[in-house]
Amino acid sequence: MLIKNLLSSIAAGAFLACTIVSAEQSDVITLSKDNFKTIVEPEKLILVEFYAPWCGHCKALAPEYEIAATALKVENIKLAKVDCTAETQVCSEQDIKGYPTLKVFKDGNASEYNGGRKADLIVNYMKKQALPAISDVNVENFDTFKDSDEKVIIGFFDDNNQEEYNTFSQTAEELREDFLFGATGQKDVITKAEVKPPTVILYKKFDEGKNILEGSFTKEELTTFIKKNSIPLLAEIGPDNYASYVDSGLPLAFLFYENAEQRTKLGQEVESVAKEFKGQVSFVYIDAEKFGQHAENINLKQTWPAFGISKPEENLKFPFDQSKEITTEAIKEFVTQFVKGEIKPSIKSQPIPEKNDEPVFVLVADNFEDVVYDATKDVLVEFYAPWCGHCKKLVPTYEKLGETYANVKDKILISKMDATENDLPAKATFKVSGFPTIKLFKAGDNEIVDYQGDRSYESIVEFLNKNALNKVDLDVSTAESSTTSESAPTTTEVAEEKHDEHDEL
């Protein structure tokens, strides 16, 4: 035991020494309220990470961020970081709500960082930010440029294609964070590429190698062409590329596997189906060992292998029957029915309570529409998670609120829904991204008003008095503000509530 402790101490000391040396040699600039503006604003381009030392995702990013900072030194692109637990003023001014948050600053102007969190992805993203939206392509650099990234878009134009070039330029400005764009009007390059202007070619290092869009095109047509063809036929999905799949606008078909053998077998069964429906549905592998919890987001049980389709932007879910074997024929039939609109989305719901006469009305997915969209009453809904600390603290206040309005339920109904066990119906035009979330659905037109005040009894009553369509007289003089209230969450608390020990997409 003594030896073990001694070895642990030596190892800890060695680690500390390495950490100190690493910190001294770091190429990542540390920012504070004293130097933030003086360093960031003069830079043509700089990436800033806003982090918290306790944040698991921040810890995972740290070594990748260091590697990227060193690699980008030769490009004169700087990387910096801000500890939001120490520099609260800076992070408040930058409206930081979760960790890590990365922002790209150009001449002091901030924009959201939409790249991955691996060193090579950070480097590629920032290199693209340093380039003009469209690079000039000539006969000398054509081969090098088209092979310079995994996906490269080149437009070929002549003097008669000004309208198409303008459309190409506008699209490049909007998609520059995700793609490398080039354009040329040189006849030698056009001849070498064997195209007739106007033409756009998406060169890629996977699948068929390139896709061609010939003739006149609109901005919408060009954007769709790029997003649909830039996704591999059947690739691995994870946090670094999930957003690009969502941005494509295509439904996502997930193949959950738990080992290499299972992955190979699934690929053999599904590859032909993925080819048949390319451009209509994106097929992806997902590692169930790392991201198995995502199955619940498609209303699948965590038993493997599994298959399901989702429409992320609409929050619609289509799980494949897990009692059936995943075969080419079965998946083809399922996807065909999905594309034709013959499969209804799955709505997860707890059973409707047999008795629902408590002061706080219990909502589930199956009664949500009937209750919440009842035009005769105002309905206040708390969306909560059983594990959420802030939700637990809110319970006595929210129950007191229910008791206060218990005799006027026909006018103002206080309700709650476990958002981890119930899906929102298709009619809902919003998403719940944090807990607790409180919304008022007004009587009449069902306008939704978000509650953003502190979580005290008085504040919520005041909110209802101001915003509810139905007016009621209440005596709130007995409110126990000192024991039943909770302040609005700080930036750190919000981040903590959203933090999860599981890997997420």
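Everything numeric in this text was worked out from a predicted model, so none of it was measured.

Draft legend 1. Up close: the confidence of the model for the chain. With 89% of its residues at a pLDDT of at least 70, the chain reaches an overall mean of 88. A low-confidence stretch, residues 1–23 stays under pLDDT 50, and its non-local contacts, those more than four residues away or across chains, total 0 contacts. A low-confidence stretch, residues 477–502 (pLDDT under 50), is modelled with 51 contacts involving residues beyond four sequence positions or located in other chains.

Draft legend 2. Representation of the packing of aromatic side chains within the structure. Per the counting criterion, the structure on display carries 25 aromatic pairs. Centre to centre, the rings of Phe318 and Phe338 are 4.9 Å apart; their planes meet at 75°, and the pair counts as edge-to-face. Of this pair, Phe318 sits in strand β15 (residues 316–319) while Phe338 sits in helix α13 (residues 328–339), and the two are 20 residues apart along the sequence. Comparing Phe318 with Phe338, the two get one shared label, buried. For the pair Phe368 and Phe441, a centre-to-centre distance of 6.0 Å together with 85° between the ring planes defines the contact as edge-to-face. With a gap of 73 residues between them, Phe368 in helix α14 (residues 365–372) and Phe441 in strand β19 (residues 437–441) connect regions that are remote in the sequence. Phe441 gets classed as buried once you look at its relative accessible area, which sits at 0%. In textbook terms, an aromatic cluster arises when at least three aromatic residues are bridged by ring pairs, as seen for Phe368, Tyr373, Phe383, Phe430 and Phe441. Directly above the ring of Tyr373 sits Lys427, whose terminal nitrogen or CZ lies 4.3 Å from the centroid.

Draft legend 3. Summary view of the state of the cysteines. Evaluated as defined, the whole model comprises 1 disulfide. The disulfide partner of Cys84 is Cys91, and the S-S distance across this bridge is 2.0 Å. Handedness here is read from the sign of the S-S torsion; for Cys84 and Cys91, about -85°, the answer is left-handed. Cys91 carries the same exposure label as Cys84, and that label is buried.

Draft legend 4. Broad picture of the nonpolar core. Judged by nonpolar contacts, the single largest core of 25 residues is most densely connected at Phe283, Phe307, Ile309, Ile331 and Val335. Contributions of two or more residues to this core are made by β12 (252–257), α11 (260–276), β13 (282–287), β14 (306–311), β15 and α13. Among the elements that line this core, the one with the most residues is α13, at 5 residues. Beyond its immediate stretch of four places on either side in the chain, Ile309 contacts Pro251, Leu252, Ala253, Ile298, Leu316, Lys317, Phe318, Phe334, Val335 and Phe338.

Draft legend 5. Quick peek at the sheet that holds β15. Spatial strand order, β11-β13-β12-β14-β15: 5 strands in an open sheet with mixed pairing. Two strands bound the open sheet, and with one partner strand each, they are β11 (234–236) and β15. Across this sheet, the average inter-strand angle for adjacent strands is 25°, counted without regard to direction. Taken together, the 4 bridges between β14 and β15 define a ladder with antiparallel strand orientation. Bridging from a neighbouring strand, Ser310 pairs with Lys317 of β15. Each of β11, β12 and β13 is contacted by α11, which is oriented at about 160° to β12, the strand it contacts most.

Draft legend 6. Just the pairing of strand β9 (residues 199–204), in detail. The element β9 is largely enclosed, with a buried count of 6 among its 6 residues. Because side chains alternate across β9, one face comprises the buried residues Thr199, Ile201 and Tyr203, and the other comprises Val200, Leu202 and Lys204, equally buried. One ladder, built from 6 bridges, connects strand β7 (residues 151–156) with β9; its direction is antiparallel. When the sheet's bridge partners are listed, Lys151 is paired in β9 with Lys204. Judged from the 5 bridges that link them, β9 and strand β10 (residues 210–214) form a sheet pairing that is antiparallel. Directly across from Ile201, in β10, lies its bridge partner Ile212. Taking the residues that link successive antiparallel strands as the turn, the β9-β10 hairpin has 5 residues, and the phi of Asp207 there is positive, at about 50°.

Reading the values: rules and limits
- Every residue gets a number counted from 1 within its own chain, in the order that chain's sequence is written.
- The predicted origin of the model limits local features to residues at a pLDDT of at least 70 and limits the giving and counting of side-chain atom pairs to 80 or more, whereas totals for whole chains, interfaces and linings rest on all residues.
- With hydrogens and water set aside, each side-chain value is computed from the structure's full complement of heavy atoms.
- Scored from 0 to 100, pLDDT reflects the predictor's confidence in each residue.
- Whether two residues are in contact is decided by their heavy atoms, any of which lying within 4.5 Å being enough.
- Side-chain rings of Phe, Tyr and Trp, where Trp is taken by its six-membered ring, are said to pair if the distance between their centres is within 6.5 Å; with planes under 30 degrees apart they count as stacked, over 60 as edge-to-face, and otherwise as tilted.
- Put simply, DSSP H or I for four residues or longer makes a helix, DSSP E for two residues or longer makes a strand, and each gets a number counted from the N terminus.
- Between buried and exposed lies partly exposed: a residue is buried under 20% and exposed over 50% of the maximum accessible area for its type, with that area taken using a 1.4 Å probe on protein chains only.
- A ring is scored as having a charge over it whenever the NZ atom of a lysine or the CZ atom of an arginine sits within 6 Å of its centre and within 35 degrees of its normal.
- Here, two cysteine sulfur atoms that lie within 2.5 Å of each other are counted as a disulfide.
- Buried residues of nine kinds, namely Ala, Val, Leu, Ile, Met, Phe, Trp, Tyr and Cys, make up a nonpolar core once their side-chain atoms join them within 4.5 Å.
- For two strands to be treated as a pair, DSSP must find no fewer than two bridges joining them.
- All axes are obtained by fitting lines to C-alpha atoms, using only the stretch in contact for helices, and the reported angles, taken between N-to-C directions, cover 0 to 180 degrees.

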